[in-house]
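Here are the chains, one letter per residue:
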Amino acid sequence: MTVLRSAPPTAIFGLLVLSATLLLGLFAPLVAPYGETEIVGAEYLPWSAAHPLGTDNLGRDMLSRMIYGARNTVGLALLTTGIAFSIGAALGMFAALKGGWVDQALSRMVDVVMAVPPLILALMLLAIIGPSIPNMVGVIAVIYLAPVFRLSRAAAMNVVALDFIGAAQLRGEGTLWLLRREILPNISSTLVAEAGLRFCFVFLFIAALSFLGIGIQPPTADWGSMVKENATLITFGDVTPLIPAGAIALLTVSINFIVDWMLHRASGLKS
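Quick notes on the rules
Residues numbered from 1 in each chain as written. Predicted model: local features only at pLDDT ≥ 70, side-chain atom pairs only at ≥ 80, totals over all residues. Heavy atoms only, no water. Salt bridge = Lys/Arg side-chain N within 4 Å of Asp/Glu carboxyl O. Helix = DSSP H or I, 4+ residues; strand = E, 2+ residues; numbered from the N terminus. Buried < 20%, exposed > 50% of the residue type's maximum accessible area, 1.4 Å probe, protein only. Axes fitted to C-alpha atoms, helices over the stretch in contact; angles between N-to-C directions. Left-handed = near helix turned anticlockwise from the far one by under 90°. Contact = heavy atoms within 4.5 Å. Nonpolar A, V, L, I, M, F, W, Y, C, P; charged D, E, K, R; others polar. Phe/Tyr/Trp six-rings, centres within 6.5 Å; stacked < 30°, edge-to-face > 60°. Patch = residues over 30% accessible without salt bridge, like charges linked within 9 Å, V, L, I, M, F, W, Y side chains within 5 Å. Areas by Shrake-Rupley, 256 points an atom, 1.4 Å probe, with all protein chains shown as cover.

Enquirer: For the pattern of salt bridges, give the residues involved together with the corresponding values.
Expert: In this structure the tally under the stated criterion is 6 salt bridges. Here glutamate 229 makes a salt bridge to arginine 60, at a shortest N to O gap of 3.6 Å. Within this pair, whereas glutamate 229 is found in helix H11 (residues 223–229), its partner arginine 60 is found in the loop between helix H3 (28–31) and helix H4 (62–98), the two being separated by 169 residues in sequence. Judged on exposure class, the residue glutamate 229 and its partner arginine 60 are both buried. The salt bridge partner of arginine 108 is aspartate 111, with a shortest N-O separation of 2.9 Å. Taken as a pair, arginine 108 and aspartate 111 lie in helix H5 (residues 100–114) at a separation of 3 residues, close to a single helical turn. Using a relative accessible area of 27% as the deciding quantity, one classes aspartate 111 as partly exposed. Taken together, the shared-partner salt bridges in this structure form one network comprising Asp56, Arg60, Arg65 and Glu229.

Enquirer: Can you explain the packing of H4 against H5? Please cite residues and give values.
Expert: At a closest axis distance of 7 Å, the pairing of H4 and H5 adopts a crossing angle of 145°. Crossing handedness for the pair H4 and H5: left-handed. Of the residues in H5, those touching H4 at Leu91, Phe94, Ala95 and Lys98 are Gly100, Val102, Asp103 and Leu106. Class assignment of the residues belonging to the contact of H4 with H5 gives a composition of 5 nonpolar, 1 polar and 2 charged.

Enquirer: How would you explain the packing of aromatic side chains if you had to name every residue and give the values?
Expert: Each aromatic ring pair is summarised here by two numbers: the centre-to-centre distance and the angle between the ring planes. In total, this model carries 4 aromatic pairs according to the counting rule given. Here phenylalanine 203 and tryptophan 223 contribute two aromatic rings whose centre-to-centre distance is 6.1 Å and whose plane-to-plane angle is 85°, an arrangement assigned as edge-to-face. Here phenylalanine 203 is found in helix H10 (residues 188–212), whereas its partner tryptophan 223 is found in helix H11, with 20 residues between them in sequence. Looking at phenylalanine 203, the relative accessible area reads 0%, which means it is buried. On the accessibility criterion, tryptophan 223 (4% relative accessible area) is buried. Among the aromatic residues, ring-to-ring pairing joins Phe199, Phe203 and Trp223 into one connected group.

Enquirer: Can you tell me about a nonpolar patch on the surface, naming the residues and giving the values?
Expert: Together, Leu23, Leu24, Leu26, Phe27, Leu30 and Val31 make up a nonpolar patch on the protein surface, roughly 590 Å² of accessible area in all. Sorting elements by how many residues they give to the nonpolar patch places helix H2 (residues 9–26) first, with 3 residues. Examined against the element boundaries, phenylalanine 27 turns out to sit in the loop between H2 and H3.

Right, dumping it as C-alpha cells:
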C-alpha cells in the first residue's frame with residue numbers, strides 16, 4: 001500500500017485497467033452473460049438490454065466475446081512474453097559472461113532472426129507449420145527472443161567488465177551464481193522496462209495475426225479477430241468493431257503507464 005500511495009495517477013489508472021482485464025479474463029465463465037461460442041440471436045443485432053454490445057456476424061453476444069477475448073488475448077500474450085523474455089534474457093547474459101565463440105555463435109543466430117521483418121517471418125513460419133495456438137506462441141517467442149537477447153547482452157557487457165565480476169570468478173563462483181547474483185540485479189531496471197514493452201509488442205502482434213486470420217483461430221474469442229469479423233458494420237456507421245480495437249489500445253497504453261512508473265522506481269529517481 002505504501003508503494004501505491006507514491007504512484008502517479010497514470011500508474012494507478014494503468015493498474016486499475018490491467019487488474020480489471022485480468023479479473024474479467026480469469027472469471028470469464030462467471031462474468032460473461034453467455035458462452036464464448038453460443039449463438040444467442042440473429043446476426044448484427046443492435047445494442048439492447050439483453051445484448052449491451054449487440055451480436056456479431058454469427059449472432060454471438062459481443063460483450064461475452066469481449067470478456068472471453070480478454071482471457072485469450074492477454075493470457076497468450078503473457079505466456080509468450082514470459083517464454084521470450086526468460087530465454088532471451090538468460091541467453092544474453094550468458095553470452096556476455098562467456099564471450100568468445102559462445103557469444104559470437106549466439107549473436108549471429110540472433111542476427112539471422114532479426115534480419116527478417118517480424119510480420120513476414122511470422123507469416124512464413126505459420127504458413128509452413130500451420131496456424132495453431134501452440135505454433136503461434138512458439139513462433140512469436142522465437143521472434144521476440146532476439147531483441148531481448150540483444151538488450152540483455154548489451155546491458156550485461158557493461159557489468160561483466162567491472163572488477164567485482166572478476167573477483168567473483170577468482171573466488172571460484174559458477175556461471176549460474178554469477179548470472180543470478182551479480183549480473184541480473186545490476187541490469188534489473190533495464191529488464192523491467194523491456195519486459196513491459198515486450199508484452200505490449202507481443203500483445204499487439206497476436207492481435208495483428210488474428211486480424212489477418214493466422215493467429216488465434218475461430219471460434220475462440222480474440223480481440224484482433226473480432227475487429228475483422230465485424231468490420232462490415234463500420235460501413236453502416238456502427239462503432240461496435242471499434243470496441244475491441246479500443247480495448248487493445250487502452251490496455252497497451254495502461255501497461256506503458258505501469259512500465260514507466262516501475263522504471264522510475266527501479267532507477268531510484270526522486271522527481
